[in-house]
Structures are given as structure tokens and as C-alpha cells.
Amino acid sequence: MEQRPLADRVAAVSALDEPVRRALFEHVSRAGSPVSRDAAAQALGLARSTAAFHLDRLAAEGLLAVEFRRLTGRTGPGSGRPSKLYRRADGEVAVTVPERHYDLAGHLLLTAIEEAARTGQPVREALRLTANRAGRDLAAGGGSFDEILADHGFEPRRDGGGLVLGNCPFHRLARQHTEIVCHLNLELLRGVAEGAGDQRHTLVLDPGVGRCCVRAVPDRARVGG
């Protein structure tokens, strides 16, 4: 599952802190069809230029989608320029501090259930394979193992020759369903390591207070060899 970088998501949410901009976003979101600059300005009692400025900022932040259409219904010469119309974007923007990815966990669990129902394999085995595959997909965008972990909220820090992960993106679920979620996490990160071509570490379960249940320990056989 693709997700925008944290800085982009924070900027998008922060754009709604401006009262006029937030009112325009709410107006467009409630509308049953795409809204023009003129219609938005009239509905909120704004100057057209003010409405246009804020609508374009919302579009730039990915909160609104834009389309162009002639509102007269006419085509051809003399029919006028198409109007710029706005509607709420289909994508979601979420910011959590510390960073959490419960949507990813839900996606993996549901995909595994569907796969188990289709193939007849045990759900836990389906989840293991699904999580590993998802980890390799995360690594497909490039970057080192450490960088991918940081980009997805695991907060890796060096611990000798290995890595301690300071944050669990599935924290609340891991506390309530420890065995299932920790094994999901382990296979996800094994997939990331495989996809990133990392040969320095072995991923193991090593739960501890205030950190992720997975630790990357040095692979002595490869590092020493």
C-alpha cells in the first residue's frame, strides 16, 4: 500500500488549520458534484480570487481533485473556456504521532483471510506469506534496509552491529493480539530485508518495553565471512 511521506501528510493536514480553507474543503466535500470557483465563492461569501487561491492550495496538497468541464454544455468554437472544478480527492491523509500504520495491518490480515479461503491453507501460513510479500513490495521503491525502516516509521537505531526498532507501527494491535501481530511484523520486515538485498542482519523476535518486538541482529556467518 502506497503512502505519502510523513512531511507531505503533515503539510496536507496543516493546510486545513486555516479557517477559510477548511470551510471551502468542507463545502466541496459535502457537495453532490464538483464545485466551480464561482460557486464556492458565492456559497461562502468570498471574493473569487480568495476562493481560487485556497481551492488551488487544497488541490496542491492532494486534498481536492481537479477537473475541467464546460458548464454550459456547449462544445466547439464560441462555447467558452472550460471551468476548473473541484471535488474531494479519493485518497486519504492520516497523521499519527508516533507513526502508526493500522491500515497496513488490516490490509495484510484481510488479504491473508481471503487467500486462506481461496486456497484452503491455514490462515497463519497465508498471513506469513502475505506479510513477507508486502515487505518485498515496500523495498521495491529502493533504498537501504535502514532507510526503508525509517521511512515506514520503525525508527531504527544502531545497537552494536544490529538494529533496535524504537517504534512499532502496529503498537495497539500488538498489545492486544501479541503473537499474531508480532509474527506478522517479523515476516513483513524479513520481506523488506530480502527485497532490499540486506545480508548484514537476521530478523528475530525480541520483545521489549518501549520498542518494536523485532530486532535486526548481525548475521555473523555473513559479516564474519
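Everything below is about the structure printed above this text.
The rules behind each value
Residues numbered from 1 in each chain as written. Predicted model: local features only at pLDDT ≥ 70, side-chain atom pairs only at ≥ 80, totals over all residues. Heavy atoms only, no water. Salt bridge = Lys/Arg side-chain N within 4 Å of Asp/Glu carboxyl O. Buried < 20%, exposed > 50% of the residue type's maximum accessible area, 1.4 Å probe, protein only. Helix = DSSP H or I, 4+ residues; strand = E, 2+ residues; numbered from the N terminus. Core = buried A, V, L, I, M, F, W, Y, C linked by side-chain atoms within 4.5 Å. Contact = heavy atoms within 4.5 Å.

> Account for the pattern of salt bridges, with residues named and values stated.
In total, this model carries 19 salt bridges according to the counting rule given. Of the charged contacts in the structure, one is a salt bridge between glutamate 61 and arginine 57, with a shortest N-O distance of 3.1 Å. We classify arginine 57 as partly exposed; its relative accessible area is 31%. Put simply, arginine 215 and aspartate 159 hold a salt bridge, and the shortest N to O gap is 2.5 Å. Here arginine 215, found in strand S7 (residues 214-218), pairs with aspartate 159, found in strand S4 (residues 156-159); they are 56 residues apart in sequence, far enough to count as distant. Using a relative accessible area of 40% as the deciding quantity, one classes aspartate 159 as partly exposed.

> Mind laying out the nonpolar core, listing which residues take part and the relevant values?
In terms of nonpolar packing, the biggest core is built from 33 residues, with Leu108, Phe145, Phe170, Leu188, Leu203 and Val214 touching the most fellow members. Taken together, the elements giving at least two residues each to this core come down to helix H5 (102-119), helix H6 (123-139), helix H7 (145-151), strand S5 (162-165), helix H9 (178-196) and S7. With 8 residues, the single largest contributor to this core is H9. Aside from chain neighbours lying at most four places away, what touches leucine 203 is Phe145, Leu186, Leu189, Arg190, Ala193, Val214, Arg215 and Ala216.

In short, geometric facts, not functional conclusions.
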